Amino acid sequence: MIPGNSDTRDGLLFCMPFFIAFALFLIFPMFFGFFISFFDWDILSTRKWIGLGNYIALFKDTTFYSSLWHTLLFVLISTPLLLVIGFLMALCITSKSKIKGIAENVFFIPYVLSITVIGTLWAWIFQKNYGILNKVLHLLGINPVGWLTEPMPAMWSIIITTIWWTAGFNMILFSAGIKQISDEIFDAAKIDGASYLQTVFHIIIPLERPTTVLCLILQIIASFNIFGQVYVMTGGGPHGSTRVLVQYIYETGFKYFRMGYSSAMAYILFFIILIISLIQYKVLAPEKK
């Protein structure tokens with residue numbers, strides 16, 4: 001018998017299926033993953049306790065460092081671009097333009113597609129021999145570029161794909177923030193003779209700070225967890241130049257069956273994201289008065 005009044009009892013009963021699924025598929029795997037990070041385990045054999053051995057080994061692993069660097073590079077380049085482009089999209093769809101309704105759909109549609117579709121589509125666009133982009137460059141008299149077969153172009157190809165795919169999500173958040181700004185503020189600025197750019201820089205951007213902080217934190221978390229674009233488009237190549245940390249974790253665990261080692265790397269990534277997110281929130285979040 002569940003204690004308390006009938007409303008509390010009924011509420012708990014209705015929530016129970018979710019709590020059970022949440023515990024089985026999120027809470028338990030999270031703690032079990034941390035548990036096996038202290039073992040040498042290949043799934044098929046018995047787990048062998050090695051304590052901090054996996055954590056010590058990964059800090060001596062050059063592939064771990066290179067994968068982490070590629071992830072950081074992606075985060076540092078893609079995050080500012082995604083925020084700026086998402087904000088510009090939001091300005092477009094909250095303006096008085098007649099095409100703002102069409103623009104909103106066009107900007108957001110890519111976000112609803114799966115990463116497999118997005119990756120395959122852009123891999124075809126960037127293909128060296130018969131891709132659309134190189135065909136256009138050929139018509140302009142420019143030699144074809146190995147977008148997915150050369151290190152730097154490959155990383156930029158992934159960044160461009162990610163921007164096209166996910167900028168619409170930031171657009172929705174920014175546009176929601178802009179729509180919450182009172183019309184009276186815009187009317188007062190217009191009466192004072194403020195231009196559109198002055199309104200953007202002196203009214204919209206300052207009042208959008210909470211939304212910007214939210215977008216920044218969410219975007220950095222998402223960028224640190226990049227996997228699908230790399231896996232579909234380059235497979236981590238050429239020569240490991242686009243291999244990111246989540247891909248290395250995946251390959252270590254499910255290709256080489258080093259479950260304990262991959263779990264240790266996953267928790268290092270988790271703590272990196274946690275620390276960066278806390279620092280961002282502490283530094284950028286508005287102070288409470």
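None of the values given here were measured: they were computed from a predicted structure.

(A) A look at the overall build of the protein. Each helix and strand counted, the protein has 13 helices and two strands in total. Taken over the C-alpha atoms alone, the protein extends approximately 75 × 75 × 35 Å along its principal axes. Burial analysis of the protein (289 residues in total) assigns 39% to the buried set. For the protein, the exposed area adds up to about 17500 Å²; of that, 71% sits on carbon and sulfur atoms. One way to put it: in the protein the 18 positive side-chain charges average out to a point 6 Å from where the 14 negative ones average out.

(B) Representation of a positive patch on the surface in the model. A contiguous patch of positive charge on the surface is contributed by Lys96, Lys100, Lys179 and Lys190. Inspection of the secondary structure assignment puts Lys96 in the loop between helix 3 (62–93) and helix 4 (100–112). Given the relative accessible area of 78%, Lys96 is considered exposed.

(C) Spatial organisation of the pattern of salt bridges. Following the criterion strictly, the structure yields two salt bridges and no others. Residue Asp10 pairs with Arg9 through a salt bridge whose shortest N-O separation is 3.6 Å. For Glu251, the salt bridge is made with Arg243, and the minimal N-O distance between the two is 3.7 Å. On the accessibility criterion, Glu251 (15% relative accessible area) is buried. Here Arg243 falls in the partly exposed class, since its relative accessible area comes to 23%.

(D) Seen up close, the nonpolar core. In this structure, Leu58 and Phe64 are the most contacted members of the largest nonpolar core, which totals 45 residues. Going through the elements one at a time, helix 2 (53–58), helix 3, helix 7 (151–179), helix 9 (196–207), helix 10 (209–224), helix 12 (245–254) and helix 13 (259–284) are the ones with two or more residues in this core. With 11 residues, helix 3 is the largest single contributor of residues to this core. Leu58 has contacts with Phe64, Tyr65, Tyr261, Ala264, Met265 and Ile268, leaving out every residue within four places of it along the chain. Among the nonpolar cores identified, the runner-up in size contains 11 residues, and Trp122, Ala123, Leu137 and Trp165 belong to it.

(E) Highlighting the side chain of Ser175. Counting through the fold element by element, Ser175 comes out in helix 7. Exposure remark for Ser175: the relative accessible area of 3% places this residue in the buried category. If near-sequence neighbours (up to four positions away) are discounted, Ser175 is found in contact with Ala90, Ile93 and Thr94.

(F) Spatial organisation of unusual backbone geometry. Geometrically, the link from Gly237 to Pro238 is a cis peptide bond, its omega value of -5 degrees lying close to zero. Tracing the backbone shows Pro238 in the loop between helix 11 (228–233) and helix 12. Look at Ile43: it is not a glycine, yet its phi comes out positive at around 75 degrees. Within the element layout of this structure, Ile43 appears in the loop between strand 1 (39–40) and strand 2 (48–49). Even without a glycine there, the phi angle at His239 is positive, about 55 degrees. Assignment of secondary structure puts His239 in the loop between helix 11 and helix 12. Looking at His239, the relative accessible area reads 84%, which means it is exposed.

What counts and how
Residues numbered from 1 in each chain as written. Predicted model: local features only at pLDDT ≥ 70, side-chain atom pairs only at ≥ 80, totals over all residues. Heavy atoms only, no water. Helix = DSSP H or I, 4+ residues; strand = E, 2+ residues; numbered from the N terminus. Buried < 20%, exposed > 50% of the residue type's maximum accessible area, 1.4 Å probe, protein only. Areas by Shrake-Rupley, 256 points an atom, 1.4 Å probe, with all protein chains shown as cover. Lys, Arg positive; Asp, Glu negative; His and termini not counted. Charge placed at Lys NZ, Arg CZ, Asp CG, Glu CD. Patch = residues over 30% accessible without salt bridge, like charges linked within 9 Å, V, L, I, M, F, W, Y side chains within 5 Å. Salt bridge = Lys/Arg side-chain N within 4 Å of Asp/Glu carboxyl O. Core = buried A, V, L, I, M, F, W, Y, C linked by side-chain atoms within 4.5 Å. Contact = heavy atoms within 4.5 Å.

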